[in-house]
Amino acid sequence: MASLPAPGSLRVATFSASLNRASEGQLIRDLSAPDNAQARAVAEIIQRNNPDVILVNEFDFDRAGPGGTSLAADLFRSNYLRVGQNGAAPVDYHYVFIAPSNTGVSSGFDLNNNGVAVTTPGQPGYGDDALGFGDFPGQFGMVIFSRYPIDTSGARTFQNFLWRDMPGARLPDDSGTPQPRDFYSQAELDVFRLSSKSHWDVPINVNGQTVHILASHPTPPTFDGPEDRNGLRNADEIRFFADYIQPGAGSYIYDDQGRRGGLAAGERFVIMGDQNADPLDGDSVAQAIRQLLDNPLVDTSITPSSPGGSQQAALQGGANARHRADPRFDTADFAHGAPGNLRADYVLPSQAGLTPLSGSVFWPLNTDPLFRLVGTFNPALPGGFPSSDHRLVSMDLAITEDTRRDLGSIDFIGQATLATRTQFQGTEIGGLSGITYDQSTNSYIAIADDRSQINPARFYSLNINLSDGRLQQGDVTFTGVTPLTSNGATFPALSLDPEGIALTGRGLYIASEGEATPQRLTDPFVRLFDRSGAQIGALPVDAKFRPSADGTTGIRNNLAFESLTVTPDQGTLYTRRRTRWPATAQSGPGPAARPRGSWNTTSPRAPRGASTSTSPSRSLRPQCRRAVSPRRASSTCSPSTTTARCWRSSARSPSAPETPCGSTGSRPMARRTSPAPARFRPRSRTASLR
């Protein structure tokens, strides 16, 4: 099943390998001889996948080697990795990085609030009261093995970063008291660290180019109570690296050496590790892993997959039959009843400087001779599996210099039309105005241009099948509808005019044009909503856009915020007005008065030979552009009501892969029309916008 790395590529991998033991020092004893069956299976999996750099989660930390180095890590290299297992070629990693873990470190407090503070390692309940769950210091730690030199002087660890020091931290609440977020006392928060193990930034020198390995292993979002303390911690542990890679967002971060701030803009990175969070299933806090998957600085154009994940989900049934996510992407074989198999382990490269070439999950079919290395749950085995309940996840990357992407020609690839007044789940679909792409689920979200007159303002979830390179009837499938709410209530009729939508790691930004008529004045807005449709924030809108009663200032009716798109660093939203006329009354003369709904619409210029159309109705005919760049396809989509149209574009690299039209995180179209779009820059990334 395993394949050789692509020539000239960098293969990186993560493997939660269950090389943890029940007592301190036991892993060293197990690895001191070359005959431990489980360690041999783990080593063979690594050998057959042959990564250049691998993060191993669940590897007990020790300082028993020369000069305080890890003896277990050295023994695993010498007795297992450098020895061919069952015919596999040995692998030799000259460079190792390992650092202390919070697991099993005594807190001195009763962190599970059961009335007893257990401070003696190995005693019942000690793990729950430790800074990270573990029966002894360093249990469930992690280690990085590399063929390339590790810049240890430039490495940063964040073991001691306090949870309370993260702005807007999701601190758990004691529902029995009126105070918010008070499950932990102030004294406990003074010592409570965010990382259940640690977070590392480990720079690796790959032929003169630096790649930052961002390693972590957030706590499982279970084994707690109604306060969901582990689920909330898991979400914030994931958020840590989302902030760390975002220019400006990580200014609050400090490392164990006292240095402050996040990763410099434009640096290459790979976020790796067992994140204990699935995009759609399992027990993690909603949106937890999307903080990374939806981050436009992360390249999710390739999702590692396996044939065995789908096969085992079907054979095992149980919770797997109710899962929403594609089992090809599963990386962990968990209990069939709950939570079922999940995607828990990730290799997520940066958009800058790295191009994903391929990715895989080592989970062979049960007919493959190598299936013996992963197996199925067997209670007679230590840990229940021949190697681990997790699967090795790898990705081949090309190191590139891609500060610019050039857009080439655009080809019309088709359209799909919905009948007027099409009904879905008790709502009328007609009037779709904006669409955004969710890479993590390969699906789309479209905003309805309904002023809460036909049904409450809402957005739709849908799938668009472009697998054959065309868009045609039957390729669009609606899967859900979500009403927009503010303070728990849907928007009243005529209180908004939703037009644009953009998906970010913070949520969905939605633009409303507002209204400027003799009957009513409604301010335009750009607001932030979560996936449940609830408003969670808003961007400030300058007074010059607010319509006045005498019509001398503010937006003109239906000439305000028509679309939205977000820059790759998620620092700026762009919106554009509908026509060439001045958008505000104070900007100059506007078009002659005409009845609402009677204007002509203009669309982006199609390539020569492609058909275009305008419509006198309010239903805009949409255009999708797919821009294939030297690294990967990017795209932008304009609004759709009854007809979805797509153009496929080619760039200067004809061999570049394609991704679905509407992909977020892409570079905006290279050609800017005049006048330039208005800009909305979120100010100081306040908690209300997170």
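Going by an unreviewed UniProt entry, the protein chain carries the name Endonuclease and comes from Methylobacterium iners.

Below, the discussion takes up the overall build of the protein chain. Along its length, the protein chain carries eight helices and 32 strands. Sequence separation of at least 24 residues holds for 69% of the intrachain contacts in the protein chain that already meet a minimum separation of 6. Accessible surface computed for the protein chain: about 27500 Å², of which carbon and sulfur atoms make up 51%.

Once that is clear, we can look at the sheet that holds strand E3 (residues 95–98). Strands sit in the order E3-E4-E2-E1-E11-E10 across an open sheet of six strands; the sheet is mixed. Of all strands in the sheet, those with a lone pairing partner are E3 and strand E10 (354–361), marking the two edges. Shown here is a sheet whose adjacent strand axes are inclined to one another by a mean of 20°, direction ignored. Pairing between strand E1 (residues 10–19) and strand E11 (residues 393–399): five bridges, direction antiparallel. Bridge pairing in E11 places Leu-10 opposite Leu-397. On top of the sheet, helix H2 (residues 37–49) reaches E1, strand E2 (53–59) and E11; it is set at about 170° to E1, its chief contact. Relative to strand E4 (residues 142–146), helix H3 (residues 71–81) is tilted by about 45°, and along the sheet it contacts E1, E2, E3 and E4.

By secondary structure assignment, the location of Gln-123 is in the loop between E3 and helix H4 (126–129). Separated by twelve residues in sequence, Gln-123 and Asp-135 place their C-alpha atoms 7.7 Å apart.

A few words now on the packing of aromatic side chains. On inspection of all chains with the given rule, the structure shows 26 aromatic pairs. The side chain of Arg-527 reaches across the aromatic face of Phe-525, ending 3.9 Å from its centre.

Right, let's talk about helix H6 (residues 229–244) for a bit. Over its 16 residues, H6 extends 23 Å from the first C-alpha to the last, a length consistent with the 22 Å expected when each residue adds 1.5 Å. A large share of H6 lies buried, amounting to 16 of its 16 residues.

In this structure the tally under the stated criterion is 25 salt bridges. Salt-bridge contacts for Arg-451 lead to Asp-497; the nearest nitrogen and oxygen are separated by 2.8 Å. With Arg-451 in the loop between strand E16 (443–448) and strand E17 (458–464) and Asp-497 in the loop between strand E20 (489–490) and strand E21 (498–504), this residue pair connects regions lying 46 residues apart in the sequence. By the burial criterion, Arg-451 is buried, and Asp-497 matches it. As a salt-bridge pair, Asp-468 and Arg-470 come within 3.3 Å of each other at their nearest N and O atoms. With relative accessibility at 45%, the residue Arg-470 sits in the partly exposed group. Here the salt bridges do not stand alone but share partners, grouping Arg-290, Asp-294, Asp-438 and Arg-531 into one network.

What follows concerns the environment of Met-142. The topology assignment puts Met-142 in strand E4. Here Met-142 falls in the buried class, since its relative accessible area comes to 2%. As a C-alpha pair, Met-142 and Ser-101 span 41 residues in sequence and 7.9 Å in three-dimensional space. Contacts of Met-142, omitting those with residues within four sequence positions, involve Leu-55, Val-56, Asn-57, Phe-59, Ile-98, Ser-198, Trp-200, Ala-215, Ser-216 and His-217.

Take unusual backbone geometry next. The omega torsion of the bond from Ala-338 to Pro-339 falls at 5°, within 30 degrees of zero and hence cis. With respect to the helices, strands and loops of the structure, Pro-339 is situated in the loop between helix H8 (307–316) and strand E9 (345–349). Of note, the phi angle at Asn-207 is positive, near 50°, even though the residue is not glycine. With respect to the secondary-structure elements, Asn-207 resides in the loop between strand E6 (199–206) and strand E7 (209–216).

Before going further, it helps to examine the sheet that holds strand E25 (residues 525–529). In space, the four strands of this open sheet follow the order E21-E22-E25-E26, with antiparallel pairing throughout. Looking at the sheet topology across the chains shown, the edges are occupied by E21 and strand E26 (535–538). Ignoring strand direction, the axes of neighbouring strands in this sheet form an average angle of 30°. With six bridges joining them, E21 and strand E22 (residues 507–512) adopt antiparallel strand pairing. Bridge pairing in E22 places Gly-500 opposite Ala-511.

The next subject is the packing of H2 against H3. Across the interface, H2 lies against H3 with an axial gap of 10 Å and an inter-helix angle of 80°. Put simply, H2 runs roughly perpendicular to H3. Counting all contacts with H2, which are made through Ala-39, Arg-40, Val-42, Ala-43, Ile-46 and Gln-47, the residues of H3 involved are Phe-76, Tyr-80 and Leu-81. Of the residues assigned to the contact of H2 with H3, the class counts are seven nonpolar, one polar and one charged.

This part takes up the pairing of E21. Extensive coverage of E21 is indicated by the burial of seven of its seven residues. In this antiparallel pair of consecutive strands, E21 and E22, the connection spans two residues.

Moving on, we get to the side chain of Asp-281. Looking at the element boundaries, Asp-281 is found in the loop between strand E8 (268–274) and helix H7 (290–293). Buried Asp-281, no salt bridge; nearest opposite-charge side chain is Arg-324, N-O distance 4.0 Å. A distance of 2.9 Å separates the side chain of Asp-281 from the backbone nitrogen of Arg-324, its partner in a polar contact. Setting aside its immediate chain neighbours within four residues, Asp-281 contacts His-323, Arg-324, Ala-325 and Leu-342.

Calculation criteria
- Residues numbered from 1 in each chain as written.
- Predicted model: local features only at pLDDT ≥ 70, side-chain atom pairs only at ≥ 80, totals over all residues.
- Heavy atoms only, no water.
- Helix = DSSP H or I, 4+ residues; strand = E, 2+ residues; numbered from the N terminus.
- Contact = heavy atoms within 4.5 Å.
- Areas by Shrake-Rupley, 256 points an atom, 1.4 Å probe, with all protein chains shown as cover.
- Pairing = 2+ DSSP bridges.
- Axes fitted to C-alpha atoms, helices over the stretch in contact; angles between N-to-C directions.
- Phe/Tyr/Trp six-rings, centres within 6.5 Å; stacked < 30°, edge-to-face > 60°.
- Lys NZ or Arg CZ within 6 Å of the ring centre and 35° of its normal.
- Expected span 1.5 Å × (residues − 1).
- Buried < 20%, exposed > 50% of the residue type's maximum accessible area, 1.4 Å probe, protein only.
- Salt bridge = Lys/Arg side-chain N within 4 Å of Asp/Glu carboxyl O.
- Parallel < 35°, antiparallel > 145°, perpendicular 65-115°, else oblique.
- Nonpolar A, V, L, I, M, F, W, Y, C, P; charged D, E, K, R; others polar.
- Lys, Arg positive; Asp, Glu negative; His and termini not counted.
- Polar contact = N/O pair within 3.5 Å; in protein donor to acceptor, adjacent residues only side chain to side chain.

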